Amino acid sequence: MDQQIFGKIQKLEAVERRVQAHAQIISSGEQKNIANVELVAYIEAIERLALVSITDRKGRILHVNNIFCRVSGYSFSELLGQDHRILNSGTHPKAFFVHMWREIAYGRIWHQEICNRTKLGELYWVDSTIVPIKNGNDHIDRFLSVRVDITARKEREAYLEKRLKARDHLFEIRREILRAQNIESLIATILSRTVLAMQFPQAAVSTIYLDGKRYSSDVTDQVLPSGPSALQNEICVKRKVRGWIQVAYREPRPFLLPEERDLVQSVAEDFGAWLDRQETEAYVRYQADHDGLTQLPNRRYLKRKLKKLIEARRRVMAERRQEESRFAIMFIDLDHFKAINDTLGHEMGDLLLKEVAARLLACMRHEDIVVRQGGDEFIVLIQRVQTLVDVEIIAQKLVEQMMQPFCIENKMLRVGASVGIAMFPEDGQDVKMLLRCGDLAMYQAKHAGRNGYRFFSRELDKLMAERHRTEVALRRALDNSELVLHFQPIVDDINAGIASMEVLLRWQHPEDGLVPPARFIPLAEETGLIVPIGAWVIRTACLQIKTWQQQGLIVPRLTINLSVRQLGMKDFAGDVMAILQETGVAANLITLEVTESMLVENVSELAAVLCSLSALGCRVAIDDFGTGYSCMSSLKHYPIDFLKIDQHFVRDICTDENDAAIVTAIIAMAHGLGMEVVAEGVESIEQLDFLRKKHCRFYQGYLFCKPLPAAEIIHLLQKQTLFLN
Ligand code: C2E
Ligand code: MG
Ligand code: MG
């Protein structure tokens, strides 16, 4: 189709050029007084190609050729004697013809494109050349006009113009699509641009239906009929129809131009692709900001949210509306979650976390944000806080909710939670500080005995900083040989000699002097440092035995304290055996002490480790007995040789009837189970007498000897000291 039109245009253009050349010849021939005969010959030549007319000076038609008649729709006789204005289409302004007449009246050739009207009222375009022709007196008495029909070319131009217009709008829509951030503004652009791109923009209405919503370019929002008179395309996102775009005319008009149809289709496709991209991006953003298990927002999301909130609240503060600026974050750490995960498996653990998330969401207000920080830790952001009491009420509610049992796969699970609270602006004015304070407060709540909440406090912060310094120093202590062992005899009442010696750790701090274990062992346990430290204690104690043996001394058994962390190591019994072999110390020279509280926590695993140690030949002692609330009868599951009564009971044994009764019962029970009893912290003869009456055989305490470094304890060994008489 296009090719054909272009072919025709090219032909016509060639004709135009030839006509103009002839016109020049005619005009110059006139000037050279060329005979009429020759002029007629020229005219005949042109006549075969173009619309030709000859008028007199006043514009009355004297002659028209056949092509003229055919194109204009008038017969020769209808035109003869008529004014040229009969063909006027009203397209050109008056000035256009004024100019024409002036030019030709002065004898100049006039050349323009004119739009004429046929007898039937249709418009047609001609490229006109009007040549004034002079008579023998050198007066202009006729005008020869030669016209070439250029209607097809004009239509083509209009077509191109139209197409360019549609392209322009599509281009604009695409540009908007590239930079669009919000759907409302993009839809507005699409609606207005698609309307403007139509042939009759004043009558066009563009409508988008998307996800059940309707958007229209028409302010009156009138629903126009769809159907054949409307252009309509579906909007598909990920191969699903999500809506459609429609362009219709308010009045019955057809859509004739194919590019209008193409435009609507392209826009529908581009818009669908944009929605697709937006959704993909939103999905990726969601994934990055949410926890996969609980679908709660994650820490990354919280940080961003906090940053924005802090900025907003700072502005509120600047307006001196202090109370309105407040908000709270609560760090929630589940208690005993690890035990559930370890004993019932990770799948149950995951189900439990999901339930916890659901319960947290259910007990918070809509505007509050519940975040999973990771593991069994959650954070709640409470955006509207008036008083601290409000926050306390929420925290209390949280703790209570978490204490309620969770029913998962027909199992009732109990967790509980510790909650730490940080307030803006009091505790921190930036994200990092606030999160840190919340975390520290939670840590404090946990240490205060779980199932409770704590507000952040500066003192607590100082304590934490101190703790951190100690941790760093303790790590160095091991490498710098700052740890030392002291030894305290355990006396055997039957032979009055040293039955064994307890190995007690000390830290020779470069500035603080000798630090007792109570000040650093809990920290070492928390940080896991106890594992390398504990191994060092066992090895150093064995090396000490070896040294003393090499000095020819009779060395009693050494009693070494163990931490729960050590016993939890993969092959702890194997590690002990390796040390014994490496140092060449017999296993029966070692007693290993575990505290009663350890027995309560890990029943089956601990029993297996203790059995292995016992099988090696080591003795096992239960330390601090009476404080761990263990069920006495459960002791028979363990290979226990000694039971050490905690010094707190021994201290008041002579004054407190309860303590006396407890100690009496413990000794009887231990003997019943075939264990020996060691009384710890014996400081007075009265205590000793009481214990003797109860048939306790072993004693440890300041009454006999304080813990001493190796260099001092050696004297006792050398003298084979007898303590009792
Ligand atoms: P423990 O195992 O119960 O050790 C006995 C504690 O009682 C020692 O305190 C000892 O000095 C103290 N003691 C002994 N006789 C008396 C007395 O007559 N009166 C009083 N008031 N106290 C007495 P120490 O050395 O401060 O050790 C404290 C705790 O640190 C130990 O309690 C033990 O649980 C832990 N510990 C010490 N060394 C180690 C070690 O190498 N590893 C581990 N995991 N824990 C250790
Ligand atoms: Mg001990
Ligand atoms: Mg003890």
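Residues numbered from 1 in each chain as written. Chains lettered and ligands numbered in written order. Predicted model: local features only at pLDDT ≥ 70, side-chain atom pairs only at ≥ 80, totals over all residues. Heavy atoms only, no water.

Right, let's talk about the side chain of Asp-623 for a bit. Relative to the elements of secondary structure, Asp-623 occurs in strand S22 (residues 619–625). Although buried, Asp-623 forms no salt bridge, and the nearest oppositely charged side chain, Lys-644, lies 4.3 Å from it. (Helix = DSSP H or I, 4+ residues; strand = E, 2+ residues; numbered from the N terminus. Buried < 20%, exposed > 50% of the residue type's maximum accessible area, 1.4 Å probe, protein only. Lys, Arg positive; Asp, Glu negative; His and termini not counted. Salt bridge = Lys/Arg side-chain N within 4 Å of Asp/Glu carboxyl O.)

The next point concerns the pairing of strand S24 (residues 676–679). Two strands pair when backbone bridges link them, and strand S23 (residues 642–645) and S24 are joined in this way by four bridges, in the parallel orientation. Each residue of the ladder has a partner; that of Phe-642, found in S24, is Glu-676. At this point the chain moves from S24, through helix H23 (residues 685–693), to the parallel strand S25 (residues 698–699), and the crossover so formed is right-handed. (Pairing = 2+ DSSP bridges. Right-handed = clockwise from strand over helix to strand, strands pointing away.)

Turning next to the site of ligand 1. Neighbouring ligand 1 are 22 residues, the closest being Arg-506, Asp-623, Gln-647, Glu-683 and Tyr-702. The separation between an oxygen atom of ligand 1 and a polar side-chain atom of Asp-623 is 2.7 Å. One of the side-chain N or O atoms of Glu-680 is found 3.1 Å from an oxygen atom in ligand 1. Elements with a minimum of two residues in the shell around ligand 1: strand S18 (498–509) and S22. Of all the elements, S18 adds the most residues to the shell around ligand 1, at four residues. Broken down by class, the residue content of the shell around ligand 1 amounts to nine nonpolar, six polar and seven charged. (Near = heavy atom within 4 Å. Polar contact = N/O pair within 3.5 Å; in protein donor to acceptor, adjacent residues only side chain to side chain. Nonpolar A, V, L, I, M, F, W, Y, C, P; charged D, E, K, R; others polar.)

Looking now at the packing of helix H16 (residues 530–550) against helix H18 (residues 572–583). Running from N to C, H16 and H18 cross one another at 30°; their axes reach a closest spacing of 9 Å. With respect to H18, the element H16 is oriented roughly parallel. Considering how the two elements wind past one another, H16 and H18 form a crossing that is right-handed. Together, Ala-535, Ile-538, Arg-539, Cys-542, Leu-543 and Lys-546 of H16 and Phe-572, Val-576, Ile-579, Leu-580, Glu-582 and Thr-583 of H18 make up the contact between the two elements. Among the residues forming the contact of H16 with H18, the class breakdown is eight nonpolar, one polar and three charged. (Axes fitted to C-alpha atoms, helices over the stretch in contact; angles between N-to-C directions. Parallel < 35°, antiparallel > 145°, perpendicular 65-115°, else oblique. Left-handed = near helix turned anticlockwise from the far one by under 90°. Contact = heavy atoms within 4.5 Å.)

A word on the UniProt feature "domain: PAC" (unreviewed entry) in the protein chain. UniProt annotation of "domain: PAC" (unreviewed entry) refers to residues 110–162 when read in the numbering used here. Secondary structure content for residues 110–162 is 23% helix and 57% strand, and the end C-alpha separation is 30 Å. (UniProt positions renumbered as here; feature names shortened; annotations may be inferred.)

Cis peptide bonds are those with omega within 30 degrees of zero, and the linkage from Phe-424 to Pro-425 qualifies with 5°. Considering the arrangement of structural elements, one finds Pro-425 in the loop between strand S15 (417–424) and helix H13 (431–447). At Asp-211, a residue that is not glycine, the phi angle is positive and equals roughly 45°. Residue Asp-211 is classed as partly exposed on the basis of its relative accessible area, which comes to 46%. Of note in the backbone geometry, Gln-295 takes a positive phi value of approximately 65° without being a glycine. Checked against the element boundaries, Gln-295 lands in the loop between helix H8 (258–289) and helix H9 (299–318).

Next up on the list: the sheet that holds strand S2 (residues 61–64). A sheet is described by the order of its strands in space; here five strands give the open sequence S2-S1-S5-S4-S3, paired in antiparallel fashion. Each edge of the sheet is formed by a strand with only one pairing partner; in this case those strands are S2 and strand S3 (110–117). Across the sheet, the axes of successive neighbouring strands diverge by a mean angle of 25°, strand direction being ignored. Of the pairings in the sheet, the one linking strand S4 (residues 123–134) to strand S5 (residues 140–149) comprises nine bridges and is antiparallel in character. Looking at the pairing, Ser-128 lines up with Arg-147 of S5. Along the sheet face, helix H5 (residues 94–105) touches S3, S4 and S5 and points at about 140° away from the line of S3. Against the sheet, helix H6 (residues 151–179) makes contact with S3, S4 and S5, and its axis sits at roughly 130° relative to S4, the strand it touches most.

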